[in-house]
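Chain and residue survey
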Amino acid sequence: MPEMQNGNNKKAVNKHSLLKSKKFKYGSAAVGLTAAFIAVVVAINVMFSALATNFKWYIDMTTEGLYTISDSVHELLDPMNDREDVQIKIIFCTTEDELDSSYYSRLVHQSAKLFEQDFDFINIEYVDVNAHPGEVSAYRTTLGSTIRTNSVIITNTVSSDYRVFTTDSFYTLDSDTQEPYALNAEYKITTAIIQMTEKNPIAYFTVNHGETTGTSTLWKLLQDAGYDVREIDLLTEDIDYGNAQLIIINGPQYDFTGIEADVNEIKKIDDFLDNVGSLMIFMDASARSKQNFSNLDELLNEWGISYGESVVYDPSSCINVDGTALISEYTKEGNGSTLTKSMRTLSNVPRTIVNYTMPIYVTYNNGESASIDQGTRDVSSVLTSSENAYACGFDTNETVDTGSFNLMTLSTEQRYIDNESNYNYVLACGTTDFVSDKYIGSSTYGNVDILYSAMKTMGKITVPNGIEFKIFDNNELNISTSEAYAWTVILSALLPVVTIITGVVVYIRRRHL
């Protein structure tokens, strides 16, 4: 019995001695310090994450720059920072938490935040329309329209002008699946601001000759560029010469009336051009193979333009098996070259496709300028085929011409009015496919850039040129595999290694005290 008590006493003494030993005290301190260090690191990480979210401390490493405002947008909107007549408010019709609960609405929300961050005249507001529907009732476009939780209102509070969109409007849809494949928020927000802050000249689409008008992608493109786009029936309506800047003839199936008719449509167009207006014309080879366009041809001939009665083929430079979808070449001289100048300076020059097109011949002698009253007119190429191209007559395989053909031309008129130089233009293309959704509905081809350049030249307005879709199907980091591996090692191993080394150093130092 005394021996058992003695044993218990020894254990108690050993335990007490262990608790008082330097080894235990300094070892405990090392463990405690290590735990405290880890806690501090976690706390700093949480705090930094909160600050990063609040103050947008991000590095955009996505391929398409989903979290960065592009330089093209800054070029267009930076000058508005000093304008007193521009105060833009972006109103989301739901709460921030609700917006961020969905991937698609979160990207739109993030884009708006980037605009607010980069431009002093842009602010964001949130209105829960379910709780406060009256706060946004003034933005209903019609009595029957409804502002919903997915509505996004962009308004210039100075002029009270506004545009209403849905979050779906900020995406480009895949034509096959109808699923969003690219974020188009930059373009949508920028064009809305331009429309509300710039003068909106009229662009007319002619109708009642079988043309493609309101359903066309070109119509929407002109609206986005800031034009007040309208249809006009020249037989029954007069042109607003004071406010109109552009007429578009898109794929007429029948000729316009001339001097022989009670109402001369050609004269109305001619008077518009004399009033320093401009014209875009896209002709359909199928229609010209069946119909006579003598009145329209007479007008175009005065501007040095003549359509060939044939279709251009070039199997050596095309994107289809028929040899009709031509990869066009950009001219580098003349006024027409100005429409492609910015494209030609890019490191990766986009391809412009001209499909099933008629050749365009210049009627002026040797390409020289034509004299007109108080001025001159000249014609220059914008796009041409390669030297390997050939032209076949309508619905035949018979070759009627070979060589490089004009696929798009720009006629320029310089006229002096009250001793002041004025310019107006006629842009002619041998196909309506140039402005089809297939070629201007995405950023794949250069067709849309040429149209924007033409609008800027003809209409003297600000156009959203160079703003590309941001494809998010493949949001891979824009870094190499080795760089990704290095970042993985750093982020995964650095903090634990630092923690372990610190703990070991402290332990060793305390052990030898």
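Residue indices follow the written sequence of each chain, beginning from 1 at its first position. Under the rules for a predicted model, residues below a pLDDT of 70 receive no local features and side-chain atom pairs below 80 are neither given nor counted, while totals for whole chains, interfaces and linings still include all residues. Side-chain descriptors were evaluated using all non-hydrogen atoms of the structure, hydrogens and water having been removed beforehand.

1. Focus on the sheet that holds strand 19 (residues 390–393)
- Strand order in the open sheet made by the three strands is 12-19-20, with antiparallel pairing throughout. At either end of the open sheet lies a strand with only one pairing partner, and these are strand 12 (310–313) and strand 20 (399–402). Here the strands of the sheet are splayed against their neighbours by 30° on average, with no regard to which way each runs.
- For two strands to be treated as a pair, DSSP must find no fewer than two bridges joining them. In DSSP terms, a helix is any run of H or I states spanning at least four residues, a strand is any run of E spanning at least two, and both are numbered starting from the N terminus. The pairing of strand 12 with strand 19 spans four bridges and is antiparallel. Here the axes come from fitting lines to C-alpha atoms, over the contacting stretch only for helices, and the angles between their N-to-C directions go from 0 to 180 degrees.

2. Digging into the side chain of Ser317
- As for its position among the elements, Ser317 is in the loop between strand 12 and strand 13 (325–327).
- Should any heavy atoms of two residues lie within 4.5 Å, those residues are counted as being in contact. Excluding residues within four positions of it along the chain, Ser317 makes contact with Ala325, Leu326, Ile327 and Ser386.

3. Describing helix 6 (residues 185–197)
- Helix span is expected to be 1.5 Å times the residue number reduced by one. Here helix 6 contains 13 residues, and its C-alpha end-to-end distance of 18 Å stays within 8% of the 18 Å for a straight helix at 1.5 Å per residue.
- Burial classes follow relative accessibility: with a 1.4 Å probe on protein chains only, a residue under 20% of its type's maximum area counts as buried, one over 50% as exposed, and anything between as partly exposed. Among the 13 residues of helix 6, 13 are classified as buried, and the element is accordingly described as predominantly covered.

4. Points about the packing of helix 6 against helix 7 (residues 217–224)
- Where helix 6 contacts helix 7, the axes come no closer than 9 Å and their chain directions differ by 60°. Taken together, the axis directions place helix 6 and helix 7 in an arrangement best described as oblique. Two secondary-structure elements touch here, helix 6 through Tyr187, Lys188, Thr191 and Gln195 and helix 7 through Lys220, Leu221, Gln223 and Asp224.
- Each residue gets one of three labels, nonpolar for Ala, Val, Leu, Ile, Met, Phe, Trp, Tyr, Cys and Pro, charged for Asp, Glu, Lys and Arg, and polar for the others, Gly among them. Here the contact of helix 6 with helix 7 is composed, by residue class, of two nonpolar, three polar and three charged. For classification purposes, angles smaller than 35 degrees are called roughly parallel, those larger than 145 roughly antiparallel, those between 65 and 115 roughly perpendicular, and all remaining angles oblique.

5. What to know about a nonpolar patch on the surface
- Residues with no salt bridge and a relative accessible area higher than 30% make up the patches, which join like charges within 9 Å and nonpolar side chains (Val, Leu, Ile, Met, Phe, Trp, Tyr) within 5 Å. For the area figures, the Shrake-Rupley method with a 1.4 Å probe applies, and any residue is considered shielded solely by the protein chains shown. A pair is scored as a salt bridge if a Lys or Arg side-chain nitrogen falls within 4 Å of a carboxyl oxygen belonging to Asp or Glu. Together, Phe37, Ile38, Val42, Ile490, Leu494 and Val498 give the surface a local cluster of nonpolar side chains, amounting to about 470 Å² of exposed area.
- Counting only elements with at least two residues in the nonpolar patch, the list comes to helix 2 (22–55) and helix 14 (481–511).
- Relative to the elements of secondary structure, Ile490 occurs in helix 14.
- Using a relative accessible area of 41% as the deciding quantity, one classes Ile490 as partly exposed.

6. Here's the deal with the packing of helix 8 (residues 265–274) against helix 10 (residues 294–302)
- Close contact between helix 8 and helix 10 brings their axes to 10 Å; oriented N to C, the two are set at 20°. Classified by the interaxial angle, the pair formed by helix 8 and helix 10 is roughly parallel. Once helix 8 is placed against helix 10, the crossing between them reads as right-handed. Here Ile266, Ile269, Asp270 and Leu273 of helix 8 lie close against helix 10, whose contacting residues are Asn295, Leu296, Leu299 and Glu302.
- Residues of the contact of helix 8 with helix 10, tallied by class, amount to five nonpolar, one polar and two charged. By convention, the crossing between two helices is left-handed when the near helix turns anticlockwise from the far helix through less than a right angle, and right-handed when the turn is clockwise.

7. With respect to the confidence of the model for the protein chain
- The predictor reports its confidence for every residue as pLDDT, a score running from 0 up to 100. Within the protein chain, residue pLDDT values average 83, and 81% of them lie at 70 or more.
- Per-residue pLDDT stays below 50 along residues 473–483; that stretch engages in 14 contacts with residues further than four places along the chain or on separate chains.

8. Overview of a negative patch on the surface
- The charge count includes Lys and Arg as positive and Asp and Glu as negative, but it does not include His or the ends of the chains. By convention, the point assigned to a charge is CZ for Arg, NZ for Lys, CD for Glu and CG for Asp. Residues Glu96, Asp97, Glu98 and Asp100 make up a contiguous surface patch of negative charge.
- Among the structural elements, Asp100 can be located in the loop between helix 4 (96–99) and helix 5 (103–118).
- Note on Asp100: relative accessible area 32%, which makes it partly exposed.

9. Structural notes on the packing of aromatic side chains
- Stacked, edge-to-face and tilted are the three classes for Phe, Tyr and Trp ring pairs, Trp counted by its six-membered ring, which pair at centre distances within 6.5 Å; planes under 30 degrees apart are stacked, over 60 edge-to-face, the rest tilted. Within the structure shown, the criterion is met by ten aromatic pairs.
- Centre to centre, the rings of Phe92 and Tyr126 are 6.1 Å apart; their planes meet at 20°, and the pair counts as stacked. Taken together, the positions of Phe92 in strand 1 (residues 88–92) and Tyr126 in strand 2 (residues 122–126) put the pair 34 residues apart, joining distant regions of the chain.
- Ring centres 5.9 Å apart and planes at 35° place the aromatic pair Phe115 and Phe119 in the tilted group. One exposure class covers both Phe115 and Phe119, and it is buried.
- Each residue in the set Tyr103, Tyr104 and Tyr171 is aromatic and connected to the rest through ring pairs, giving one cluster.

10. Some details on helix 10
- Taken together, the buried positions of helix 10 are occupied by Asn295, Leu296, Leu299 and Leu300. Axial view of helix 10: buried residues confined to an arc of 135°, hence all on one face.
- For helix 10, the secondary structure elements touched by its buried residues are strand 9 (244–250), helix 8, strand 10 (278–282), strand 11 (305–307) and strand 22 (420–429).
- Downstream of helix 10 by a residue or two, Gly304 has a phi angle that is positive, lying close to 80°. By arc we mean the arc of the directions from the helix axis to the C-beta atoms, nothing more.

11. Things to note about the nonpolar core
- Counting residues in hydrophobic clusters, the biggest one holds 74 residues, and the most contacted among them are Ile90 and Phe434.
- For Ile90, the contacting residues outside a window of four places in its chain are Ala112, Ile122, Asn123, Ile124, Glu125, Val152, Ile153, Ile154 and Ile189.
- Among buried residues, those of type Ala, Val, Leu, Ile, Met, Phe, Trp, Tyr and Cys that are joined through side-chain atoms within 4.5 Å constitute a nonpolar core. Within the second largest apolar cluster, 33 residues are counted, among which are Met283, Tyr313, Ile360 and Val426.

12. Digging into the environment of Ile247
- As for its position among the elements, Ile247 is in strand 9.
- We classify Ile247 as buried; its relative accessible area is 1%.
- Distance in space between the C-alpha atoms of Ile247 and Val426 is 9.6 Å, their sequence separation being 179 residues.
- Apart from the residues within four sequence positions on either side, Ile247 is in contact with Tyr204, Thr206, Ile239, Phe272, Ser278, Leu279 and Met280.

13. Considering unusual backbone geometry
- Of note, Asn208 is a non-glycine position whose phi angle comes to about 70°, a positive value.
- On the basis of relative accessible area, Asn208 is assigned to the exposed category, the value being 59%.
- With a phi close to 45°, Tyr356 is a non-glycine residue in the positive phi region.
- As for its placement among the helices and strands, Tyr356 is situated in the loop between strand 15 (353–355) and strand 16 (360–362).
- Looking at Tyr356, the relative accessible area reads 29%, which means it is partly exposed.

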